[in-house]
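# Analysis of the macromolecular model
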Amino acid sequence: MLGVCYYPEQWSQSLWREDARRMKDLGLTYVRIGEFAWSRFEPEPGVYDFAWFDESIAILGEAGLKVVIGTPTATPPKWLIDRHPEILPVDPDTGRVRGFGSRRHYDFSSDVYLRECERIVLALAERYGENPHVAGWQTDNELSCHDTTLSASPAAKTAFQAWCAARYGDLQALNTAWGNVFWSMEYRSFDEIELPVGAVTETSPAHRMAYRRFSSDQVVRFHDAQVKILRAHSPGRFVTHNFIPMNETGVDNHAVAADLDFAAYDNYPLGRTDLLMAGDDPEAFRPYMRTGHPDFGTFFFDQTRGLAPGAFWIMEQQPGPVNWANHNPRPAPGMVRLWTLEAFAHGAGVVSYFRWRQAPFAQEQMHAGLLRPDSTHAAAWPEIETVLGELATLDLEQNPTVRAKVALMVDVNAQWLGEIERQGKSYDYTHILLDHYRALRALGLDVDFVPPEGDVSGYALVVIPALSTPSAKTLANLAASGAIVVFGPRSGAKTLDVTLPEGLPPGPLRELMPIRVLSVETLRPDCSGALTWNGKAYASRCWREEVELAGEGEVLARFDEGGPAIVRSGRAVYVASLTDRDFLADFLEGLCAEAGVATQRLHKDVRVRRRGGLAFAFNYSDARTPAPAPEGADFVLGGAVIGPRDVAVWRDPS
Amino acid sequence: MLGVCYYPEQWSQSLWREDARRMKDLGLTYVRIGEFAWSRFEPEPGVYDFAWFDESIAILGEAGLKVVIGTPTATPPKWLIDRHPEILPVDPDTGRVRGFGSRRHYDFSSDVYLRECERIVLALAERYGENPHVAGWQTDNELSCHDTTLSASPAAKTAFQAWCAARYGDLQALNTAWGNVFWSMEYRSFDEIELPVGAVTETSPAHRMAYRRFSSDQVVRFHDAQVKILRAHSPGRFVTHNFIPMNETGVDNHAVAADLDFAAYDNYPLGRTDLLMAGDDPEAFRPYMRTGHPDFGTFFFDQTRGLAPGAFWIMEQQPGPVNWANHNPRPAPGMVRLWTLEAFAHGAGVVSYFRWRQAPFAQEQMHAGLLRPDSTHAAAWPEIETVLGELATLDLEQNPTVRAKVALMVDVNAQWLGEIERQGKSYDYTHILLDHYRALRALGLDVDFVPPEGDVSGYALVVIPALSTPSAKTLANLAASGAIVVFGPRSGAKTLDVTLPEGLPPGPLRELMPIRVLSVETLRPDCSGALTWNGKAYASRCWREEVELAGEGEVLARFDEGGPAIVRSGRAVYVASLTDRDFLADFLEGLCAEAGVATQRLHKDVRVRRRGGLAFAFNYSDARTPAPAPEGADFVLGGAVIGPRDVAVWRDPS
Amino acid sequence: MLGVCYYPEQWSQSLWREDARRMKDLGLTYVRIGEFAWSRFEPEPGVYDFAWFDESIAILGEAGLKVVIGTPTATPPKWLIDRHPEILPVDPDTGRVRGFGSRRHYDFSSDVYLRECERIVLALAERYGENPHVAGWQTDNELSCHDTTLSASPAAKTAFQAWCAARYGDLQALNTAWGNVFWSMEYRSFDEIELPVGAVTETSPAHRMAYRRFSSDQVVRFHDAQVKILRAHSPGRFVTHNFIPMNETGVDNHAVAADLDFAAYDNYPLGRTDLLMAGDDPEAFRPYMRTGHPDFGTFFFDQTRGLAPGAFWIMEQQPGPVNWANHNPRPAPGMVRLWTLEAFAHGAGVVSYFRWRQAPFAQEQMHAGLLRPDSTHAAAWPEIETVLGELATLDLEQNPTVRAKVALMVDVNAQWLGEIERQGKSYDYTHILLDHYRALRALGLDVDFVPPEGDVSGYALVVIPALSTPSAKTLANLAASGAIVVFGPRSGAKTLDVTLPEGLPPGPLRELMPIRVLSVETLRPDCSGALTWNGKAYASRCWREEVELAGEGEVLARFDEGGPAIVRSGRAVYVASLTDRDFLADFLEGLCAEAGVATQRLHKDVRVRRRGGLAFAFNYSDARTPAPAPEGADFVLGGAVIGPRDVAVWRDPS
C-alpha cells in the first residue's frame, strides 16, 4: 500500500477536498498529517484550536483515506520557548545555546519540555485516539536529527548526575569503574560530575561512554512517554516512528523502537548517496548520482526491518530532487518506481511519499512533491500509477517476509566506542558494517540485522563486524543458534565502562575462542599491510590486532608479519584485522558454502531480494542486464533480461 | 590625475613639509588623510585636538595639493568602546562579541555609535567643510570589510524587529509572507522575532533574506547619516566612499552609493588574484601571480563605475607587495604603470596609491608604499613618473567614458539568494557573474554593469546571469530598451520573500517568455551534463532547470535528456542551465552579431577597453603580442606589437 | 641507565612489591612516580594522605631503585576547581572556559592556583625532600601541552596589563613602541589594555608579540616557583622537567630550563612522525611509519641537550603503539632498542620508558607499556634486556658528550614572529629550522642547538635560519667566536616590538653585513622562483628578499630576477631567500670544508652521531647498509655492514 505526507495547514482550506479526492483516485491508502502543526493546534498558550484538524481528518477519511497523525513535538512554538528558554539544547562542542528558528530546538533532558509534550500529545490522543479515520500515530519526527541527541545544557548535566547515581549507586564504584584515579579525575559526590565536554584535552572514554548511554536513555525516556499516552488513548491504532539512518542518531534505536508496532524509515536515496560518496571520484559517483547507490537504501531498509516486529514503513519516500544534500540531482526516470518496489521487496508494508504538494515557501521549497506547487503532476506521478498496478499483481500480502539465512549483528556500543576511542583516525564502525553488508549483498544474500541480544536462532551464518562488549546472553544465544559466527576485530575489546577486560580482549569471547589480543596497531588507510588466506594475499587495513592462540583452534590466515590473522575454533571465527570487500566476499562465500547457504556473485549494479515466494532483482545500471534468475524462472514482473533501472520478479521456489 | 594616501599622524611633524614637496614634485594632485585618526582628533572623550590636522592640511595645500578627508569612523577609540561596549558587533556564527584591537569594531545597528559618528563627522565638517585645500570627503573606510555587515547583537535584534514591523505592518502578513506555518515558526508579535542565527538547523530562507536586506539597510542608514552632514557643511566638495569588491560586502552597493558624487575602489590586483585563484593549479596561477588576472581588476572597475554618476576613483592602488593575502608576491616590473593606465581606460578620474610611505609598525608594516620606511624610493616610483608623462599625452579629459553597447545586470538579491538557498553547494553567484563578464571581455567588448532597475536604454545586448525577482520596472525597462536580453537560470526564481512565484518560476518573467520551470536539479561540478546548441555539445553544469515552453517561442538548445535548454521569445532569451565560458563566448558572440555589436576574439592575456576616442590594449602576458588594433591604427602609445606587460593606445574611430 | 614511569596509585597495593622486584631484575635504575596523584595526596581540601606514597617509595627504594617524584600540578582535583573555578583557563580562539575532565585545566596567570601548587609542592618537598630513595624531582608534567600557554582569562588579562606596565612603565612609551596610532588603537591607561583576542580582524603584531612574551613569562614564573621550593627542601637532588617538542609549547624553553639541572624530553617517535608527515604521500610515509623518521627524534634530543647543562634524560620513551596520534602503528622489531641507543648517542644520561604496565582504563588504555595489563611482557621487554647488555659494553660514562663543531641557533622570537606575522601562509619557522638540521645531519654532522645569546665559542660554523632581533650580545658573541656564521632570511627583520628596524632590516646585523632589505615577497609553495649559486640553479622558495649591498661584500648567488640572493662579508653570510635541503646541503658542505669541518654524505636512512670516543651509526632502513665508518674501524657494536633497523658503534679517533 502507498501513502503520502500532507500538511493541510500549509494550504488554503479550499484545496483540501480536491486534494483528498486526487489522493484517493491515484490509489493512495494512507495520509500522514499534523506533525509540525503545534503553532496551529495551540496558537496561544493553553488555547487549543482543533477545528481545522477535525475537518481535515474528516475530509480525508470521508474520501476513503486512512490518517496517520504525527505528534508535533519536533517543533515547539515560539511562545513556549519564550516562556521556558531552558527547553533549548546546548551544543556540546561550542557551549552555545541552540535557538529557535528551525526545528528540534529542545533538550531531551528538559522535564519542562517533557511535560509540555505530554500535554499536547494527550490533547491529540484524547481527541483523535478513537477517531475512525485515524489508523495510527507517528511519534515526533526523525528523533535526534540535526545532532540533537547530545546536549550540554544545565538540564542535561543534572540529569546525567542522577543517571550516574542510579547506575553506580556508590561514588567510589563510579570512580573505580571509570578509572578516575588516572589523572586525579576522582569525584567526591555525584553532583561534582561534569559532562565530558569542553575539557582541555580528551576526557575519559568511560565518562564519554556514560554520556552517550545516558543521552540515548534520555531519548528513549522522551519517546516512551508519548507512546504510553498514545497506547492509553488510542486503542487498536498502531504507533510508529520515522527513523533517520541509524548511525546518525547516536542512540540505541532498538531501545527507541522497543514499544512500537513497527519502525518506519525516511528514504532519500539521492541525498544519502550524495553525502556518503562526497569524497569519491566523479567516475565512481556519476553512475549513482541519479539512482542512488544500490546498497545504501537497502542497508537502512534491512536495519529498519530489524527494529520492531511489524512490517516496516517507508514513511517518507523521495519523489524527485530534494533540497538538503550538497547537490540535488533529479532521479533517473523509473527510479521512484524502482525504489518503491525495492522497499516492498525488503519487507515494507507501506511506502509513503514525501510530500503531496511541493511547498512554495520556507526551508523545503526546493523539495519535490507528487504535485508541483501549482498542483500539476510532478515527474513521479506516472511512476506511482505504474507501481500501484504492479503491486496489485505481486500480491505481497501472500508473500510475507521470512527470516533470512544470514544475520548481521549491529552493535551501538561498538559504534559509540569507535567514535569515543578512535585510536585510528580512519576507523569508522558504520563503514565497517556497510562493507560487511555490501559483501554479503554482492553474494546475492538476504540479510537480517540483529541487535547484540537479539534472537539469532535459525540463522546459518551470523556476521559480527564488531561487538565491543559481548554479554552472557549474547554468547549463549550465539552458542545455541548453531550458526557459524564470524567476529571482526575489536570484538570483546572493552567492558561496558570502556576498560580493557580482565585477562585482555576479547574478554568473555574467550568462551568461544581461546585467544588473547596482545596489542593493537592502527594504520593510515593508504598504508595497509597484508594477510594471507587460502594462499592469497589480501589487504589488512587500518586496525590490526596481535593475537595469541592460547588453546584449541585453527589459524586460518596469517599476517605478513607472521602472526595469526584469522583464528577458528569450532563454529566461531575471529578475524583480527579490518580487511576489504574483496576479502570479505571471498571469505564469507566459503563460510556460506559450509553452512549450506546458496550464494551467487551478482553484477555490481544488480541486487536481489526475496520476499515470501517471490524473488526481486533490481538493475541500477543504465544497461540491459541478465536477471540472476534460474533457467526457466516464472516471471511475475519483467523477464530474463532486465532493462536499465528496471526490475524483475519471479517465483522463487526456495 | 594621481593621488596618494597619507597618514601625517604616523610620522614626525618634521617630515610633513618635505613629504608634501616630494608629492607635488612627483606630480600628484590629491592626498587622502585622516581616515583612522579618531584617537588623535579626540584623545579624550569630548576633548578635541585639531591643531595638528589644521597644520597638516595647510602644509599640503600650500604645497599645491588637494586634500581628501576620510572620516575616522572605521576606528572608534578605546575610550569610546569602554564607555559604550554595546557598540561592539556580535559574530552571528559564534555569538561572540567582536572586540577592540583592530578596526571596524562597531555595529551598524548601534544608535549610540551612530550618534558618536555624527558628532565626530560634524566636528570635522564644520571645521574643514569650507577649507580651500579640501577637495572632498571619503566616508568611513571600506564599509563592511571583515564581514561586518551582519551582526547578532542585541541592538541588531531590536532594530530587525522594528524593520520587520515597518516592512510588514501586520504580524500575520509576515507569518504568511515567510511561510512560518511550515515548522510552527509563527510569531505572535514583532518582539518575538529572533535573528536567524544559532538555530538547530537551517532557518527559513525568507527570514534570512529579510535579515540580509535589513542588514544592508542598516549600512545604508549609517552611511547616509555621514553624507548628509558632509553635504550640509561642505558645499562644493565631493563625497565618495572607497568600496571593497562588491560581492564581499553583503550589501546593496548601489543603495550605499546613491548619494555619492562618484564611487571609489581599492584596487589590489595581486592580493585579489592570490585569493580568487587559491584553489587553482600552479600552472594556472603562476602566469598571473605577479600581474594579477586580466579580468579580476576590471571586473571591479566596471562595477564601481556603475555605482554612481561621476568618473570613479581608485582610492587605493597597490604599489608593491601587500601583507594580507595568503602569499604576497612583488608586482612584475611595469605592472603598477599598467594597472594605473587600465583604471583610466575603464573610466577612472583619479588613481591614488596606497600609501605614501610604508609604515614601520603595526598591522600593515609589510605593505609597500611609494617610499620605503626610510623615505627612499620604492620600486613603483619610477613607474609612476612614467605614467604621469603618458597621462599628459593621452588627454583623458577630452576622452570621457561613454556608455558601452553591452550591459551586464548585477543583482544583489540573486547573490543573497545564492548564499541563503544553496541547493547546489557549488552554486556561486559571483563566479557566475564573473564567467559572463570574462566571456564578454574575451570577445573584446566593453561592459557596463547595471542594477536591476537601472537605465538600460541604448544597450544592444543586456546579459542577466540571474535576476531572482524581476520587478515591473525592470521588465518595462528591458522591454523598452530594444536590447536583446539574455537571462540565465534562476531568473524569476523567487519573490522578494523567497517563495516560489505564483504559477512557478520564472514568475513575472513570463511577460517576456512563455515558459514554466517545472523542476531544478543541481550537480556536482565534476559531474556535468550536456546541452546541444547550434549542433555542438556544451557543458550543462551545476544548476539545470526543467523547462516547459507554454506559448510562442523557439527552442534554441536542448539538454542531453531532451528538454529545452535555451528558449527564445522575441528579443528575450532564457538559458535554463549554468554553462561555461566556452559556451558563453560562442553564444554571446552570435547574439552580438545579430545586435550589430562588433566583437573580436582576443588573446587570452590581452584585453581591450575604449574611452572616448581612444582604444587601450593591455598585454598581461610575458611575450610580445600583436595589438588587436585595426590595420594602420594611429597609435598614441606603443604600437602594433605590445611588449610584455605593456600597453598600446590608438585612436578609435568607432 | 634506564628507568620507567610508574603509577602505584593505579594498581592494587598487592602488586607493588613484585613490580619493584621485576623492575630491579630487568636492570632499571630510576622510577618516576606521583605526577598525577593529587587527588590521592589530598583527597579532601587540606586533608593529606601520604601513607600510601610513603610505602610506595619505601618498597621501590628497598628494592634498589631510585625514585623521581613528579609534582602533581598538571592535574588539580575537582574539589579545587569547584572551590576556585577562576583557576580554569580560557580558550583565546573561542572565549570558552576550558573545563575539568582531563588535565592541564589551569591558567598560568592564576595566583590562586600558584598558591595551591606551592602548597602541595611544599608538602611533598618537606616530606620527601631528604628521603634517601628520592634521587630527584620532575616539575609538573609536559608544561604547555594541549596549547595551554595562551589563555584569555580575566586573570591573564589583569596580569598582562601589569606585565605591560612593568615593561613599558609609561603608557605613551607602549603606544609608541607598538605603533598604536595606526588604527586609533591608542590606550590611555594600562588597565584599558585588552588581550589581543577576539578582535574584528588582525590585531597589532606588537600587541600579539607582547602577549606571547608575557605568556611565556607566566609559564616561567609558575615553573620557577616549584623549582625554588624543591631546591630549598630537597638538597642534593636534581630537579628537571619533561619537555614536549619545543616548538609546540609557545614558550621560551631556555628560560623555563634556566634553573634545572638537566632537561628531559618525552620521546614518541611514531606519534611524532605520524603527525609531522600527515600530509605526505604514502610512498614517503610508509618507510618510516614503524621506525619514525631518522631526523625527527634527534631534532628534539639535540634541542633538549641544549636547554640545560647536565646530560638530558628521556623521561618517557615510547615502548610500543601509543594512543594519541592519528594512526598508531606498532614499532618495527628492534626500534625500541635503536631509539634507546640513539638517545644515549645524542647525550642522554637516562632513558626512562613510559610506562611500566599498560593501564586497562582511562584515556591511555591503548598506550603500550613494558608490561601488558595482565602483567605479561609486552613486545619491548626483550629489546630492553638487549640494550642493557649493550650499554654495559659501551661504557658511556667514559664517553661524555663534547661540544659539536656546528651550532644551529634556535630563536623563539623568530618562531613567534612567524606565527604572528605570516606574510606568506606557508612560512613555518619550525620547518625551516628542521630543514637546516636535516641538511646538516645528512652531511654526517653532529649539531648543537644554541639560543640567541648562548655561548658560541669554539664552533667552526654557526647556522642561523632566522634571528628576528639580534641583540648586541649575540652579535658580539658571534663576532668573537671566529665561526663562519650563516644567516637565513628574516634575520634582523624586526625590533622586539615587531617594528621594522631603523634603516630597514637587517637592522643591527649591518654591523656584520652591509646590506639593506628593500622589500620582501612571499610565494605559494608550488610557485617557487630560482637562485643561481656556483653555476647551478636552486629553488628560491616562499620568502624572498630584495637586498641591496651597501658596502664591502661579495655576492655569492643571484636571483633569477638578477638581484643578490646570497651576500658574504668576512665570515658572515646572508641568504636572502628560503631554499631547500638540496641547496642547503651543497652550500653548507662548502662552508664546512672552508671551516675545516669534515662532512660525509650519508645514505638517506642512516644517521651518525659521536659521543666521546665513540661513533654511532643508526640504520633506519629495512636493508643492510654499509656503516659510514672508516676503513678498519674498531667496532664496539655491530660491524661494517649494518642490518635493517640496527646500530653500529665504533671507536672514533677524531
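As recorded in an unreviewed UniProt entry, chain A goes by the name Beta-galactosidase, listed as coming from Caulobacter hibisci. Here is the UniProt Sequence similarities (unreviewed entry) comment for chain A, exactly as written: "Belongs to the glycosyl hydrolase 42 family." UniProt, in the comment section headed Catalytic activity (unreviewed entry), describes chain A in these words: "Hydrolysis of terminal non-reducing beta-D-galactose residues in beta-D-galactosides."

Bringing the overall build of chain A into the picture now. On a plain count of helices and strands, chain A comes out with 18 helices and 26 strands. For chain A, the spread of C-alpha atoms along the principal axes amounts to about 75 × 75 × 45 Å. For chain A, buried positions account for 60% of its 654 residues.

What follows deals with the UniProt feature "domain: Beta-galactosidase C-terminal" (unreviewed entry) in chain A. Here, UniProt's "domain: Beta-galactosidase C-terminal" (unreviewed entry) annotation points to residues 605-651 of chain A. Split by type, residues 605-651 of chain A is 0% helix and 51% strand. Its first and last C-alpha atoms lie 22 Å apart.

Rotating chain B by 120° and moving it 0.0 Å along the rotation axis overlays it on chain A with an RMSD of 0.0 Å. Taken together, the rotation and translation relating the two chain copies correspond to the operation of a three-fold axis. Considering only C-alpha atoms, the residue of chain B closest to the rotation axis is Thr 94 of chain B, which sits at 4.8 Å.

Along its sequence, chain A is organised into domain 1 (2-157 + 215-398), domain 2 (166-205), domain 3 (406-595) and domain 4 (606-651). Look at where the C-alpha atoms of domain 2 of chain A and domain 4 of chain A centre, and you get two points 56 Å apart.

So, on to the environment of Tyr 168 of chain A. The residue Tyr 168 of chain A is located in helix α6 (residues 154-168) in this model. Measuring from C-alpha to C-alpha, the distance between Tyr 168 of chain A and Asp 266 of chain A comes to 37 Å, with 98 residues separating the pair along the chain.

Quick look at the interface of chain B and chain A now. With 40 residues of chain B in contact, the opposing surface of chain A contributes 49 residues. Broken down by class, the residue content of the side of chain B that touches chain A amounts to 16 nonpolar, 14 polar and 10 charged.

Time to look at the environment of Arg 609 of chain A. Residues and elements named next belong to chain A. Within the fold, Arg 609 resides in strand β21 (residues 606-611). Residue class for Arg 609 comes out buried when judged on the 25 C-beta atoms lying within 10 Å of it. In this structure, the C-alpha to C-alpha distance between Arg 609 and Gly 99, residues 510 residues apart in sequence, is 44 Å. In contact with Arg 609, other than residues within four places in its own chain, are Ala 345, His 346, Asp 446 and Phe 616.

This part covers the sheet that holds strand β3 (residues 66-70) of chain C. All names here are of chain C. If you walk across this open sheet you meet the nine strands as β5-β4-β3-β2-β1-β9-β8-β7-β6, and the pairing is parallel. The outermost strands of the open sheet, each flanked by one partner alone, are β5 (238-240) and β6 (242-243). With three bridges joining them, strand β1 (residues 2-5) and strand β9 (residues 350-353) adopt parallel strand pairing. For Gly 3, the partnering residue across the bridge sits in β9 and is Ser 352.

Right, let's get into unusual backbone geometry. Here the bond from Phe 354 of chain C into Arg 355 of chain C is cis, since omega is 15°, no more than 30 degrees from zero. Position of Arg 355 of chain C relative to the elements: it lies in the loop between β9 and α14 (381-394). Omega for the peptide link from Pro 505 of chain C to Pro 506 of chain C comes to 5°, which places this bond in the cis form. Tracing the backbone through its elements, the reader meets Pro 506 of chain C in the loop between β13 (484-487) and β14 (515-522). Positive phi, close to 55°, is recorded for Val 498 of chain A, a residue that is not glycine. The residue Val 498 of chain A is located in the loop between β13 (484-487) and β14 (515-522) in this model.

Turning our attention to the nonpolar core. Counting 637 residues, the largest nonpolar core has Val 462 and Ala 617 of chain A, Val 462 and Ala 617 of chain B together with Val 462 and Ala 617 of chain C as its most contacted members. Here Ala 617 of chain C is in contact with Val 606, Val 608, Ala 627, Pro 628, Ala 629, Ile 642, Val 647 and Ala 648 of chain C, once residues within four sequence places are set aside.

Let us look at the interface of chain C and chain A. Of the residues lining the interface, 49 residues belong to chain C; the matching set on chain A comes to 40 residues. Secondary structure elements with two or more residues in the side of chain C that touches chain A: α2 (38-41), α4 (78-83) and α11 (282-285) of chain C. Looking at side-chain class alone, the side of chain C that touches chain A contains 21 nonpolar, 16 polar and 12 charged residues.

Our next topic: the pairing of strand β14 (residues 515-522) of chain B. All names here are of chain B. Among the eight residues in β14, seven count as buried, and that is most of the element. Pairing geometry for β14 and strand β16 (residues 536-549), over seven bridges, is antiparallel. Bridge assignment links Ile 515 to a residue of β16, and that residue is Leu 549.

Annotation from UniProt places "domain: Beta-galactosidase trimerisation" (unreviewed entry) at residues 404-597 of chain A. This span, residues 404-597 of chain A, is 25% helix and 31% strand, and a straight line between its end C-alpha atoms measures 10 Å.

Time to look at the environment of Tyr 30 of chain B. All names here are of chain B. Tracing the backbone shows Tyr 30 in strand β2 (residues 30-33). With 321 residues separating them in the primary sequence, Tyr 30 and Val 351 have C-alpha atoms 9.2 Å apart. Aside from chain neighbours lying at most four places away, what touches Tyr 30 is Met 1, Gly 3, Lys 66, Val 68, Ala 135, Val 350 and Ser 352.

Here the focus is the pairing of strand β9 (residues 350-353) of chain B. Of the two faces of β9 of chain B, the one carrying Val 350 and Ser 352 of chain B and the one carrying Val 351 and Tyr 353 of chain B are both buried. Running through helix α13 (residues 335-345) of chain B, the crossover from strand β8 (residues 313-317) of chain B to the neighbouring parallel element β9 of chain B is right-handed.

On to the sheet that holds strand β3 (residues 66-70) of chain B. Spatially, nine strands are ordered β5-β4-β3-β2-β1-β9-β8-β7-β6 (chain B) in an open sheet, and the strand pairing comes out parallel. The sheet is open, and its two edges are formed by β5 (238-240) and β6 (242-243) of chain B, each paired on a single side.

This paragraph deals with helix α18 (residues 581-595) of chain C. All names here are of chain C. Here α18 contains 15 residues, and its C-alpha end-to-end distance of 20 Å stays within 8% of the 21 Å for a straight helix at 1.5 Å per residue. Along α18, the residues that are buried comprise Phe 583, Leu 584, Phe 587, Leu 588, Leu 591 and Cys 592. Take α18 and look down its axis: the buried residues cluster within an arc of 150°, on one side only. Tucked inside the fold, the buried residues of α18 contact α16 (429-442), β12 (461-464), β13, β15 (529-533) and β16 (536-549). Positive phi appears at Gly 596, one or two residues downstream of α18, with a value of about 75°.

Attention shifts here to the packing of helix α13 (residues 335-345) of chain A against helix α14 (residues 381-394) of chain A. Residue and element names in this part refer to chain A. Between α13 and α14, the shortest axis-to-axis distance is 9 Å and the interhelical angle comes to 35°. In terms of crossing hand, the pair formed by α13 and α14 is right-handed. Listed contacts from α14 to Val 336, Arg 337, Thr 340, Leu 341 and Phe 344 of α13 are Glu 383, Ile 384, Thr 386, Val 387, Glu 390 and Leu 391. For the contact of α13 with α14, the class distribution of residues is six nonpolar, two polar and three charged.

Moving on: the packing of helix α6 (residues 154-168) of chain C against helix α8 (residues 205-233) of chain C. All names here are of chain C. The geometry of α6 relative to α8 is characterised by a closest axis approach of 10 Å and an angle of 105° between their N-to-C directions. Overall, the two elements α6 and α8 adopt an arrangement that is roughly perpendicular. Facing Ala 159, Phe 160, Trp 163 and Cys 164 of α6, the residues of α8 in contact are Ala 210, Tyr 211, Phe 214, Asp 217 and Gln 218. Grouping the amino acids of the contact of α6 with α8 by side-chain chemistry returns seven nonpolar, one polar and one charged.

About the thresholds
- Sequence order sets the numbering: in each chain, residues are counted from 1 along the sequence as written.
- In the order they appear in the text, chains get letters beginning with A and ligands get numbers beginning with 1.
- Note on the predicted model: pLDDT of at least 70 is required for a residue's local features to be given, and 80 or more for side-chain atom pairs to be given and counted; whole-chain, interface and lining totals, by contrast, use all residues.
- UniProt positions are given in the numbering used here, feature names are shortened, and annotations may be inferred rather than shown by experiment.
- Numbering of helices and strands starts at the N terminus; helices are DSSP runs of H or I of at least 4 residues and strands are runs of E of at least 2.
- Counting other C-beta atoms within 10 Å of each residue's C-beta, where C-beta atoms are placed from the backbone, gives the exposure class: buried for 20 or more, exposed for 12 or fewer, partly exposed between.
- To superpose the copies, least squares is applied to the C-alpha atoms of every residue with a pLDDT of at least 70 in both.
- Residue ranges for the domains trace back to a domain assignment, done automatically or taken from a database.
- Any two residues are considered in contact once their C-beta atoms, placed from the backbone, lie within 7 Å.
- Residues are grouped as follows: Ala, Val, Leu, Ile, Met, Phe, Trp, Tyr, Cys and Pro are nonpolar; Asp, Glu, Lys and Arg are charged; all remaining types, including Gly, are polar.
- When DSSP finds at least two bridges between two strands, those strands are taken to pair.
- Note on terminology: a nonpolar core is a set of buried residues of type Ala, Val, Leu, Ile, Met, Phe, Trp, Tyr or Cys, with members joined through C-beta atoms within 7 Å.
- If you view a crossover with the strands going away from you and the path from the first strand over the helix to the second runs clockwise, you call it right-handed.
- By definition here, a helix of n residues has an expected span of 1.5 Å times n minus one.
- Arc, as used here, means the arc of the directions from the helix axis to the C-beta atoms.
- Orientation is described by axes fitted as lines to C-alpha atoms, over the contacting stretch for helices, and by angles from 0 to 180 degrees between their N-to-C directions.
- Note on convention: the crossing is left-handed when the near helix lies turned anticlockwise from the far helix by less than a right angle, right-handed when the turn is clockwise.
- Note on terminology: angles under 35 degrees are roughly parallel, angles over 145 are roughly antiparallel, angles of 65 to 115 are roughly perpendicular, and the others are oblique.

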